[in-house]
Amino acid sequence: MNVSLEVLINAAKAGKLISFPTDTVPALATIPTQAELIYAAKQRSFDKPLILMAAKAEDLWDYVKGNNIEYEIWQKVVNQYWPGALTLVLPASDKIPKVMNPHDPTTIGIRVPNHQVAQTILAQTGPMATTSVNLSGQPALENRAEINIHFPEVLTLEATEYKGWGIPSTVAKWTGKDWQILRQGSIKLDQD
């Protein structure tokens, strides 16, 4: 259902499912405590974690935990690639609801998208549980019309172009000493 930005943000804060464009593929999102709504809508297996997306890196640091050296390394990567199509999988803090990653609640993927509309929404809602808009195992839906057909209960932004690059984010997991690439997207992580 197409709605205004104000209606979309208020619905998101109330725990409803929303969709918004990002720099990669459109996001399906809700507040972290309602993350099970995403699994139900997508018919997604609980062994596939969700991503915590925010408007800026500072909004995400409370959701991860590491030592001072790790934070320095993570901040260096963030300074180089965010906002952008890079998801970092880091050790999760106690602030992360287990439903965000039921299979391995000790980690969480975090990302700041390089998209003005997404950042505007996330700046007002706070960090959101996100994933691509599609039935699990199907290609990501790339425009508002497809989303409205397949997910009529999800609120979308009226008069907004939903087209991103169409390539999912690169996913890099912190191993405790370096990065393991779980999914290669458009960003090639410099590991030097």
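From a predicted model like this one, the values you see are computed outputs, not experimental measurements. (Residues numbered from 1 in each chain as written. Predicted model: local features only at pLDDT ≥ 70, side-chain atom pairs only at ≥ 80, totals over all residues. Heavy atoms only, no water.)

A few points about the pattern of salt bridges
Then step 1. Following the criterion strictly, the structure yields three salt bridges and no others.
Then step 2. For R111, the salt bridge identified is with D23, shortest N-O distance 3.0 Å. Taken together, the positions of R111 in strand β6 (residues 107-111) and D23 in the loop between β2 (18-20) and β3 (27-30) put the pair 88 residues apart, joining distant regions of the chain.
Then step 3. Residue class for R111 comes out buried when judged on its relative accessible area of 2%. (Salt bridge = Lys/Arg side-chain N within 4 Å of Asp/Glu carboxyl O. Helix = DSSP H or I, 4+ residues; strand = E, 2+ residues; numbered from the N terminus. Buried < 20%, exposed > 50% of the residue type's maximum accessible area, 1.4 Å probe, protein only.)

Describing the layout of surface pockets
Picture a little ball the size of a water molecule; that probe, rolled over the atoms, points out where space is still empty.
Then step 1. The space that makes up the largest pocket amounts to roughly 730 Å³.
Then step 2. As for the largest pocket, its lining consists of 37 residues, and the residues nearest its centre are R44, P49, I51, V171 and R183.
Then step 3. Residue assignment for the lining of the largest pocket shows that the elements contributing at least two residues are β4 (51-53), β5 (86-91), β6, β7 (128-132), β9 (170-174) and β10 (179-183).
Then step 4. Examining the composition of the lining of the largest pocket, we find that four residues originate from one element, β6, more than from any other. (1 Å grid on protein atoms, 1.4 Å probe; cavity = no way out; pocket = protein on both sides within 12 Å on 5 of 7 lines; lining within 4 Å. Points joined across faces, edges and corners; volume = space filled by probe spheres on them.)

Notes on the sheet that holds β10
Strand-to-strand pairing in sheets goes through backbone hydrogen bonds, with the strands running parallel or antiparallel.
Then step 1. Pairing is mixed across the open sheet formed by eight strands, whose spatial order is β2-β3-β7-β4-β6-β5-β9-β10. A single partner strand is all that each edge strand has here, and the edge strands are β2 and β10. Strand-to-strand twist across the sheet, computed as the mean angle between neighbouring axes with direction ignored, equals 35 degrees.
Then step 2. With three bridges connecting them, β4 and β6 associate as parallel partners. Following the sheet pairing, M53 is matched in β6 by R111.
Then step 3. Relative to β5, helix α3 (residues 68-81) is tilted by about 170 degrees, and along the sheet it contacts β5, β9 and β10. (Pairing = 2+ DSSP bridges. Axes fitted to C-alpha atoms, helices over the stretch in contact; angles between N-to-C directions. Contact = heavy atoms within 4.5 Å.)

A look at unusual backbone geometry
Then step 1. The residue after W82, namely P83, is reached through a cis peptide bond having omega -5 degrees.
Then step 2. Position of P83 relative to the elements: it lies in the loop between α3 and β5.
Then step 3. The backbone phi angle of Q43 is positive, close to 55 degrees, even though this residue is not glycine.
Then step 4. Structurally, Q43 can be placed in the loop between α2 (36-42) and β4.
Then step 5. Given the relative accessible area of 62%, Q43 is considered exposed.

Thoughts on the pairing of β10
Then step 1. With four bridges joining them, β9 and β10 adopt antiparallel strand pairing. Looking at the pairing, K173 lines up with Q180 of β10.
Then step 2. In textbook terms, the turn of a hairpin is the stretch between consecutive antiparallel strands, and for β9 and β10 this stretch comprises four residues, one of which, G176, has a positive phi near 110 degrees.

A closer look at α3
In an α-helix, one turn spans 3.6 residues, which is why side chains three or four residues apart end up on the same side.
Then step 1. Across its 14 residues, α3 extends 20 Å between first and last C-alpha, which sits within 8% of the 20 Å expected from 1.5 Å per residue.
Then step 2. Buried residues of α3: E70, W74, V77, V78 and Y81, and no others. Burial along α3 is one-sided: seen end-on, the buried residues are contained in an arc of 100 degrees. Among the exposed residues of α3, those oriented more than 90 degrees off its buried face are N68, I69, E72, K76 and N79.
Then step 3. Among the structural elements, β5, β9 and β10 are those in contact with the buried residues of α3. (Expected span 1.5 Å × (residues − 1). Arc of directions from axis to C-beta.)

Honestly, it's all geometry; don't read function into it.
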